[in-house]
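Descriptive structure summary
What follows is each chain in one-letter form.
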Amino acid sequence: MQTIKKYVEANTQRFLDELIELLRFPSVSADPKYKGDVRNAAEYVARKLRDAGADNVEVCPTDGHPIVYGEKIIDPAKPTVLVYGHYDVQPPDPLELWETPPFEPTIRDGKIFARGACDDKGQFYMHVKAFELMQATDTLACNIKFMIEGEEEVGSDNLGTFVKANKQRLAADVVLISDTAMISLDTPSLETGLRGLSYLEVEVTGPNRDLHSGVYGGAVANPITVLAKMIASLHDENNHIAIPGFYDDVAELDAAERKALNAAPFDENEYKADLGIKAVWGEKGYTTIERTGIRPTLELNGIWGGYIGEGAKTVLPSKAHAKISMRLVPNQDSDTITKLFTKHFGSIAPDYVSVKVTPHHGGQPAVTPTDSTAYRAAEKAIEEAFGKKPIPTRGGGSIPIVSLFENELGLKTVLMGFGLDSDNLHSPNEKYDIANYLKGIETIPLFHKYFAELS
C-alpha cells in the first residue's frame, strides 16, 4: 500500500491533467455532429493505454463509434481481468444550467466539474492510471485486458457484435467495471446488482396538420392533452405502475433481505435537502433505498409538442411526443416489458388520436454473486484502501452489457465504482471528487493483487 500511495502522490498532478484533457473532448455519442470528437477521444484513450505499457492497442471500428482495445499478458497461467468502461458521454443540455462550460473542465472545492467527469471518463481512466502504476512498480499480478467503448450512452448497439466476433480475444476470468457509485468515502460500498432498462419514444397524432386553436379548439382533440392524460394513467394512486402484467416476473426480496438492504446509512432529511424537495415520492410500501434499487420504475424523460419558442403562437398541434424509460429488476425481461408497454399504450388511446411506440434500447437486470473470488478480492481491496469493509448495495442505474458479458463470454462482473449519487450524472454540473478519483487509483491495484492470490 505504501508503494501505491507513494506513486499516486508523486504523479497526482499529471493524473489530474490527463483526465482534464480527456474531459475536453465533447464525445457525445447521441449526436452525429460530434462524431469526429468521439473518434478523437478514442484515439486519446488508445494513446494513453500505449503510454501506460499496454500491448496490441487498437481503435477497433464498428458500424457506430469505435471500441478501444488493449492488453498486457504477463503469464497465460495467471488469471485475466477484463476492464470495461466507456468514453462517450451524455448530451450536456440544458447548457444554461451549467455554472462553467461542460467541456471546459473546472476544479472547484476539490471536485472536477465537466460532462463525463464521473460517467464514465473519470472512473474508467482510474484503471488506465492504476495499470500504469502496476507496470511502473512491477506489481501487476494479473493479465489485464481493456475494452473501452463509445456507445454506452446510446445503448451499446455495436458492442454485442464486437463481443461475439472477439470471444477468444476477450477471454478472461472476470469483468471489472467502475461505472457505479459508493455511499461515500467514509462508508465504502460495492454494488451487487443493477436494474435493467426499456427505453422508448411515443408519438400521439391527432389532426393531419397543426390547427388554429381558436378556430378548431374545443372541436378537435389536442394530442398534448391526450398524451398527458395517457401518461398520468400509467401510475395508480399508490404510484404503482398500472400496466397489466408489468410486475408478473418481479423477484421479491424477503423480509431479511430487505432489512439488510435498509441497513445502509441513509438520512432522508439530507437526501431531501440535497435535492431541494420537501418530500420523497414513490411506490407505496417501500423505502427510498428499496424504490431506487429493488423496485421497477417508469419515468417520463422528456415531452414535447406544439409551439415552445419565444412569444405566443395559438396552435393546436398535430402531434405530441414523449420519451419514457422503465428500470427493471430481476427477473423482468426488457423485450417483454417493451411489448407490454406498447400493447397497453395502444389500448388506452382514445379513438380521436393514433399512437406510435418506437423502442430505442434496453438491457437486462443483473445481480452479481457476493461469494465469488472476484467479489471477495474487491471486498478485501476496498477494506485495505479505506480501512472499512464495504457495504453491499443495489444500484438503481443500468449497465446493459453486464448481461451481455455473462451470456456471450460466460463472465460475471464486479461493480467497483467510486462515484457518488450526488455527482449529477446525466445532469448539468456533473462532477467527480478528486479524492474519489485518486482513491480509485489506489484501490484498483489491490483488487488485482487479491484476485491473483485468491484465484
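Rules used throughout
- Residues numbered from 1 in each chain as written.
- Predicted model: local features only at pLDDT ≥ 70, side-chain atom pairs only at ≥ 80, totals over all residues.
- Heavy atoms only, no water.
- Pairing = 2+ DSSP bridges.
- Helix = DSSP H or I, 4+ residues; strand = E, 2+ residues; numbered from the N terminus.
- Axes fitted to C-alpha atoms, helices over the stretch in contact; angles between N-to-C directions.
- Contact = heavy atoms within 4.5 Å.
- Parallel < 35°, antiparallel > 145°, perpendicular 65-115°, else oblique.
- Left-handed = near helix turned anticlockwise from the far one by under 90°.
- Salt bridge = Lys/Arg side-chain N within 4 Å of Asp/Glu carboxyl O.
- Buried < 20%, exposed > 50% of the residue type's maximum accessible area, 1.4 Å probe, protein only.
- Polar contact = N/O pair within 3.5 Å; in protein donor to acceptor, adjacent residues only side chain to side chain.

The strand order across the open sheet built from three strands is β4-β5-β19, with neighbouring strands paired in antiparallel fashion. The sheet terminates laterally at β4 (106-108) and β19 (431-433), the two strands that pair on one side only. Strand-to-strand, the axes of this sheet are offset by a mean angle of 25 degrees, without reference to chain direction. For β4 and strand β5 (residues 111-113), the ladder comprises three bridges, and the chain directions are antiparallel. Among the inter-strand pairings, Thr 106 is bridged to a residue of β5, identified as Phe 113. Its contacts with the sheet put helix α13 (residues 434-454) on β4, β5 and β19, and the angle it makes with β19 is roughly 60 degrees.

To continue, consider the packing of helix α2 (residues 35-52) against helix α3 (residues 117-136). Each pair of packed helices gets described by two things: the angle between the helix axes and the distance between those axes. For the pair α2 and α3, the least separation of the axes is 9 Å and the interaxial angle reads 20 degrees. In terms of axis orientation, α2 runs roughly parallel to α3. Crossing angle aside, the handedness with which α2 passes α3 is left-handed. Two secondary-structure elements touch here, α2 through Tyr 44, Val 45, Lys 48, Leu 49 and Ala 52 and α3 through Phe 124, Tyr 125, Val 128, Phe 131, Glu 132 and Gln 135.

Summed over the entire model, instances satisfying the criterion amount to 23 salt bridges. For Arg 295, the salt bridge is made with Glu 252, and the minimal N-O distance between the two is 3.1 Å. Taken together, the residues span a long stretch of sequence, with Arg 295 in the loop between α9 (288-291) and β12 (297-305) and Glu 252 in the loop between α6 (223-232) and α7 (255-261) at a distance of 43 residues. Bridged by salt links that share partners, the residues Arg 14, Glu 18, Lys 48, Asp 51, Lys 129 and Glu 132 form one connected network.

Summarising the element assignment, His 426 is placed in the loop between β18 (413-415) and β19. Judged by its relative accessible area of 40%, His 426 is partly exposed. As for His 426 and Ile 224, which are separated by 202 residues in sequence, their C-alpha atoms are 26 Å apart. If sequence neighbours within four positions are ignored, His 426 has contacts with Gln 90, Arg 115, Asp 119 and Glu 153. Looking at His 426, its side chain comes within polar contact range of the side chain of Asp 119, at 3.1 Å.

Honestly, that's just the spatial picture; any functional story needs more than this.
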